[in-house]
Amino acid sequence: MSGPILGLHHVTAIARDPQQNVDFYTKALGLRLVKRTVNFDSPETYHLYFGDEQGRPGTIMTFFPWPMAARGSRGAGQAAVTSFSVPPGSLPAWQRRLRDLGVVVEQPYERFDEEVLTILDPDGLMLELVAHEDVAEQPGWPQGPVDETEAIRGFHSVTLWQQGYEATAELLTDGMGFRQTHSADNRFRFEVGDGGLGTLVDVLCVPDASYGRISAGTVHHVAWRAADDADQAAWRERLSGRGLNVTPVLDRNYFRSIYFREPGGVLFELATDPPGFTADEPVETLGTELKLPSWLEPRRQRIEGALPPLVVDSKG
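Note that the structure is predicted; figures quoted are calculated from it, not measured. (Residues numbered from 1 in each chain as written. Predicted model: local features only at pLDDT ≥ 70, side-chain atom pairs only at ≥ 80, totals over all residues. Heavy atoms only, no water.)

K.L.:
Explain the packing of aromatic side chains to me, using residue names and the numbers behind them.
P.N.:
Under the counting rule described, the total for this entry stands at 16 aromatic pairs. For the ring pair Tyr 25 and Phe 63, a centre distance of 4.7 Å and an interplane angle of 45° mean the geometry is tilted. Taken together, the residues span a long stretch of sequence, with Tyr 25 in helix H1 (residues 18–28) and Phe 63 in strand E4 (residues 60–65) at a distance of 38 residues. The exposure classification of Tyr 25 matches that of Phe 63, with both residues buried. (Phe/Tyr/Trp six-rings, centres within 6.5 Å; stacked < 30°, edge-to-face > 60°. Helix = DSSP H or I, 4+ residues; strand = E, 2+ residues; numbered from the N terminus. Buried < 20%, exposed > 50% of the residue type's maximum accessible area, 1.4 Å probe, protein only.)

K.L.:
Would you mind going over the side chain of Arg 187 in detail, with residue names and values included?
P.N.:
Summarising the element assignment, Arg 187 is placed in strand E12 (residues 187–191). For Arg 187, a relative accessible area of 13% gives the class buried. A distance of 2.9 Å separates a polar atom in the side chain of Arg 187 from a polar atom in the side chain of Asp 202. Not counting chain neighbours up to four residues away, the residues in contact with Arg 187 comprise Arg 111, Phe 112, Thr 159, His 182, Asp 202, Val 203 and Leu 204. (Polar contact = N/O pair within 3.5 Å; in protein donor to acceptor, adjacent residues only side chain to side chain. Contact = heavy atoms within 4.5 Å.)

K.L.:
How would you explain empty space enclosed by the protein if you had to name every residue and give the values?
P.N.:
By the definition in use, this model includes two cavities of 30 Å³ or more. There is about 120 Å³ of room inside the largest cavity. By residue class, the composition of the lining of the largest cavity is eight nonpolar, six polar and three charged. Its boundaries defined by the atoms lining it, the second largest cavity holds a volume of some 30 Å³. As for the second largest cavity, its lining consists of Arg 74, Gln 78, Ala 79, Ala 80, Leu 125, Met 126, Gly 217, Thr 218 and Val 219. (1 Å grid on protein atoms, 1.4 Å probe; cavity = no way out; pocket = protein on both sides within 12 Å on 5 of 7 lines; lining within 4 Å. Points joined across faces, edges and corners; volume = space filled by probe spheres on them. Nonpolar A, V, L, I, M, F, W, Y, C, P; charged D, E, K, R; others polar.)

K.L.:
Give me the environment of Arg 56: which residues, what numbers.
P.N.:
Structurally, Arg 56 is set in the loop between strand E3 (42–51) and E4. The partly exposed category is assigned to Arg 56, whose relative accessible area is 31%.

K.L.:
Give me the lowdown on the packing of helix H3 (residues 166–175) against helix H4 (residues 229–240), citing residues and values where you can.
P.N.:
Viewed as axis vectors pointing N to C, H3 and H4 meet at an angle of 135°, and their least axial separation amounts to 12 Å. In terms of orientation, H3 lies oblique with respect to H4. The chirality of how H3 crosses H4 is right-handed. Across the interface between the two elements, Leu 171, Asp 174 and Gly 175 of H3 pack against Trp 235, Arg 238 and Leu 239 of H4. Each residue belonging to the contact of H3 with H4 can be placed in one class, and the counts come to three nonpolar, one polar and two charged. (Axes fitted to C-alpha atoms, helices over the stretch in contact; angles between N-to-C directions. Parallel < 35°, antiparallel > 145°, perpendicular 65-115°, else oblique. Left-handed = near helix turned anticlockwise from the far one by under 90°.)

K.L.:
Help me get a handle on unusual backbone geometry, residues and values and all.
P.N.:
In this chain, Pro 274 is followed by Pro 275 through a cis amide linkage whose omega measures 5°. With respect to the element layout, Pro 275 can be found in the loop between strand E17 (267–272) and helix H5 (300–306). Even without a glycine there, the phi angle at Phe 112 is positive, about 50°. For Phe 112, the position within the fold is in the loop between strand E7 (109–111) and strand E8 (114–120). On the basis of relative accessible area, Phe 112 is assigned to the buried category, the value being 17%. Backbone geometry at Asn 253 places phi at a positive 70°, although glycine is not the residue there. Within the secondary structure layout, Asn 253 lies in the loop between strand E15 (250–251) and strand E16 (256–261). Note on Asn 253: relative accessible area 22%, which makes it partly exposed.

K.L.:
Describe in detail the pairing of E4, supporting the description with residues and values.
P.N.:
Within E4, six of the six residues are buried, leaving the element largely enclosed by the surrounding structure. Side chains Ile 60, Thr 62 and Phe 64 of E4 all project onto a buried face; the interleaved residues Met 61, Phe 63 and Pro 65 project onto the opposite face, where all are buried too. Of the strand pairs in this sheet, strand E1 (residues 8–15) and E4 are connected by six bridges, and their pairing is parallel. Each bridged residue has a counterpart across the sheet, and for Thr 12 the counterpart in E4 is Thr 62. Here E3 runs beside E4; their pairing, made up of three bridges, is antiparallel. Along E4, the bridge assignment pairs Leu 48 with Phe 63. (Pairing = 2+ DSSP bridges.)

K.L.:
How would you explain the nonpolar core if you had to name every residue and give the values?
P.N.:
Membership of the largest hydrophobic core comes to 70 residues, with the highest contact counts inside it found for Tyr 25, Leu 29, Met 176 and Trp 224. Not counting the four nearest positions on each side in its chain, Leu 29 is found in contact with Phe 24, Phe 84, Trp 94, Leu 98, Ile 119, Leu 127, Val 146 and Ile 152. Val 34, Tyr 49, Phe 255 and Phe 277 belong to the second-largest nonpolar core, a separate cluster that totals eight residues. (Core = buried A, V, L, I, M, F, W, Y, C linked by side-chain atoms within 4.5 Å.)

See the structure below:
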């Protein structure tokens, strides 16, 4: 018997310039670079992980920066919006901060009794800052560049854009243990686990939208949390029993993963919480060195020679 899905583990997107990506997520958004490694399936490019001070699951935004990648297009069949949680009353400060840094920022608005600020990252990836009360569960990063009273606390939700609705909703509720909590017009909200930070997914029905193209400025996949290997194995059996084409367990060094596509086409991952990002470096020095899995260590010199240098100065 599988334990419940615990919420979002990480969201992985595609960028182009790795330095620009680091500068935006550390300096503008105030996240910490908690791991610099490579795409294990394509080690000529970085895999960069940003999160809270300790790199907790539910705070991690990751990127494959491919400098030659074409610009993707946002559309149906994608996790089109990634939303972060911030404290109530902090959006005016965020709006000023981001506009001063030249970030594309829309006017705040209210949705489901929460304040929402929509922004675009340098590659056009759509992000939201959502101000709500649940942020009291988790502190900000005291050493980060954003005041601790306003800092991002982790994920709020992801929004799936779908031409239809029922098949995705049925998998979320009957297949993955989510429950519907809100709806308004063409937006349907689902919650999993005990609720709180990073446990929400919205399904936005966009019947006239064309299908999006995954490349720079779009989300590659959404990862949900499994407590451990046993829970993940039980979930794999349960999901494959529904006719989903689920991968074998893949070792990602900081977690183990299975992947499958939900009916609307979004790539989902179910990742284990352990072993975590402190498996190969302590909290104090997270993200400061290029870390490679054991099977890529013999190629370290060649890999390092192919990667561009990165300068990380979150206080800048």
